[in-house]
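Here are the chains, one letter per residue:
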Amino acid sequence: MNQLEVYQFIGRTLSPYSNMDSNIVCAQQIMHRELDWERIISIATGHLVAPALYASLLRKDFLKLLSEELQHYFHTMYSYNTQRNVGLNGQIEELLHYLPPGAILLKGGASLTSELYSQVGERVMRDLDILVKIESMHSTVKQLFSIGYRYCELDSLPAPPLDEQEDPIEALNARGLGYMHHIYPLVHPKHNASVELHRQPLLQLGERELLSSGEAFSNAVQCKNLKMLSIEHRLLHNFFHAQIQDRNGLLGKIDLMQAYEFVQLVYRHQGAVQWDQLQRRVKECGLEIHFQVYLLYVEDYFYCPIPENTSISRRSRRIIKRQQLLEKYKVLRIIHGPTMLFVFSICRELSPIRVKEKYGPISFVIAYLMAITTLPFRLLKPGTIKATFRQLRDSFRG
């Protein structure tokens with residue numbers, strides 16, 4: 001099986017839109033031993049959808065078609081993730097007592113709390129992302145420090161503040177990280193997930209924000225004892241984070257976990273999504289083609305229908321064909337991935353937002369000269385090299 005075939009099998013199995021015909025195809029593939037389960041498990045685990053794959057196989061009555069060894073593996077892995085997510089729910093409940101009014105739970109934490117998935121063990125969680133108003137950021141950090149949270153050191157970033165006394169926003173600015181949309185992660189010795197307090201929902205990469213903090217807070221909805229983004233904002237957040245911020249669109253890749261979450265959001269809120277609002281916003285931000293490609297992805301892999309009155313350009317269709325060729329042929333991925341990563345790294349380091357944040361109010365010409373002069377040293381930092389190596393490793397493993 002090539003990577004494209006694996007993606008299509010995983011997508012068909014996960015999809016809440018799958019029909020009788022697609023289920024028959026999946027069942028026949030399993031019964032006739034046409035599947036490379038080692039590759040499927042490797043990709044599903046790498047994309048953090050292995051627990052969801054188990055739940056879907058069980059839900060669609062496919063699990064019994066697998067060998068006992070595979071069934072045992074999936075069950076063990078799913079049970080562990082269920083226990084972990086139960087613990088994360090407890091961590092979220094504890095955090096509610098120390099967060100300022102109006103704080104918004106983002107991404108996986110929102111999905112877990114709102115029961116987006118049928119089973120608690122389906123979603124793999126890496127951290128808890130929480131949007132906090134900038135004027136409440138420092139006091140929130142002090143509250144979390146009071147119950148045992150501490151800053152986490154990251155290889156790719158300068159050392160964090162030693163304690164809660166330093167203002168977290170000023171700490172970012174002082175370390176040349178003023179462009180970041182969240183402060184240093186906070187960890188607790190008794191909890192599994194780190195906590196990222198966001199001052200903005202997304203990393204701003206252009207002059208026009210796709211989703212600002214003000215809009216997020218103004219349109220937030222109540223869910224149980226906390227707030228989360230509106231459905232339109234959750235879809236925008238998911239798209240931008242996966243395709244733009246994580247560079248998957250540029251690298252010709254797809255994040256199956258984020259795509260599956262997008263599909264679940266659409267499926268659970270059918271008829272309630274204001275698609276015209278979403279499309280108008282992505283067009284204003286110059287992201288229309290990227291959004292169309294994402295819609296084509298979830299249609300092709302998960303059978304998620306393209307919204308009515310949505311026109312897909314020829315360019316978007318050409319891009320999806322090109323990316324499917326990358327998924328089908330490993331040699332193309334090996335060439336394409338490192339090349340695009342190198343180009344993107346240079347563009348990122350020389351972006352106007354980063355240059356302005358790093359060099360402050362001095363002349364823009366002088367700032368760019370300094371940025372270009374120091375570029376090789378920044379690209380050769382241990383943290384940057386480590387992140388680049390991970391990207392290259394993923395390209396070759398695929």
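Residues numbered from 1 in each chain as written. Predicted model: local features only at pLDDT ≥ 70, side-chain atom pairs only at ≥ 80, totals over all residues. Heavy atoms only, no water.

Draft legend 1. Inspection of the overall build of the protein at higher detail. Secondary structure assignment for the protein yields 19 helices and seven strands. In terms of overall dimensions, the protein is globule-like: its C-alpha atoms have a radius of gyration of 22 Å, near the 21 Å expected for 398 residues. On the principal axes, the C-alpha backbone points of the protein span a range of 65 × 45 × 40 Å. Here the protein holds 398 residues, and the buried ones make up 53% of them. Accessible surface, the protein as shown: approximately 19,500 Å² in total, 54% of it carbon and sulfur. (Helix = DSSP H or I, 4+ residues; strand = E, 2+ residues; numbered from the N terminus. Rg over C-alpha atoms; globule rule 2.2 N^0.38 Å. Buried < 20%, exposed > 50% of the residue type's maximum accessible area, 1.4 Å probe, protein only. Areas by Shrake-Rupley, 256 points an atom, 1.4 Å probe, with all protein chains shown as cover.)

Draft legend 2. Highlighting helix 2 (residues 20-31). Look at helix 2: 16 Å from first C-alpha to last across twelve residues, which is about the 16 Å you get at 1.5 Å a residue. When helix 2 is considered as a whole, its buried residues turn out to be Ser22, Cys26, Ala27, Gln29 and Ile30. Down the axis of helix 2, the sector holding all buried residues measures 160 degrees, keeping them to one side. Exposed and oriented more than 90 degrees from the buried face of helix 2 are Met20 and Asp21. Along its buried surface, helix 2 packs onto helix 1 (3-14), helix 3 (37-46) and helix 4 (50-59). Measuring from the backbone nitrogen of aspartate 21 back to the side-chain oxygen at the start of helix 2 gives 3.2 Å, which picks out asparagine 19 as the cap. (Expected span 1.5 Å × (residues − 1). Arc of directions from axis to C-beta. Contact = heavy atoms within 4.5 Å. Polar contact = N/O pair within 3.5 Å; in protein donor to acceptor, adjacent residues only side chain to side chain.)

Draft legend 3. Just the pattern of salt bridges, in detail. Across all of its chains, the model carries eight salt bridges by this definition. Two residues, glutamate 122 and arginine 59, come together in a salt bridge whose shortest N-O distance is 3.1 Å. Linking glutamate 122 in the loop between helix 6 (107-113) and strand 2 (127-131) with arginine 59 in helix 4, this pair joins segments that are 63 residues apart in sequence. Across the pair arginine 281 and glutamate 215 runs a salt bridge whose closest N-O atoms are separated by 2.6 Å. Note that arginine 281 is positioned in helix 13 (residues 275-284) and glutamate 215 in helix 9 (residues 213-218), a separation of 66 residues in sequence. Bridged by salt links that share partners, the residues Arg208, Glu215, Arg281 and Glu284 form one connected network. (Salt bridge = Lys/Arg side-chain N within 4 Å of Asp/Glu carboxyl O.)

Draft legend 4. Structural view of the packing of aromatic side chains. Inspection of every chain in the model, using the stated rule, returns 16 aromatic pairs. Judged by centre distance (6.1 Å) and plane angle (90 degrees), the ring pair of tyrosine 7 and tyrosine 301 falls under edge-to-face. With a gap of 294 residues between them, tyrosine 7 in helix 1 and tyrosine 301 in helix 14 (residues 288-302) connect regions that are remote in the sequence. When the centroid spacing of 5.1 Å and the interplanar angle of 85 degrees are considered together, the rings of tyrosine 17 and tyrosine 267 count as edge-to-face. With a gap of 250 residues between them, tyrosine 17 in the loop between helix 1 and helix 2 and tyrosine 267 in helix 12 (residues 256-268) connect regions that are remote in the sequence. (Phe/Tyr/Trp six-rings, centres within 6.5 Å; stacked < 30°, edge-to-face > 60°.)

Draft legend 5. Spotlight on the environment of leucine 265. Considering the arrangement of structural elements, one finds leucine 265 in helix 12. Exposure remark for leucine 265: the relative accessible area of 2% places this residue in the buried category. Residues leucine 265 and leucine 88, 177 residues apart in the sequence, show an inter-C-alpha distance of 21 Å. Among residues more than four places away in sequence, those in contact with leucine 265 are Leu116, Ile231, Arg234 and Leu235.

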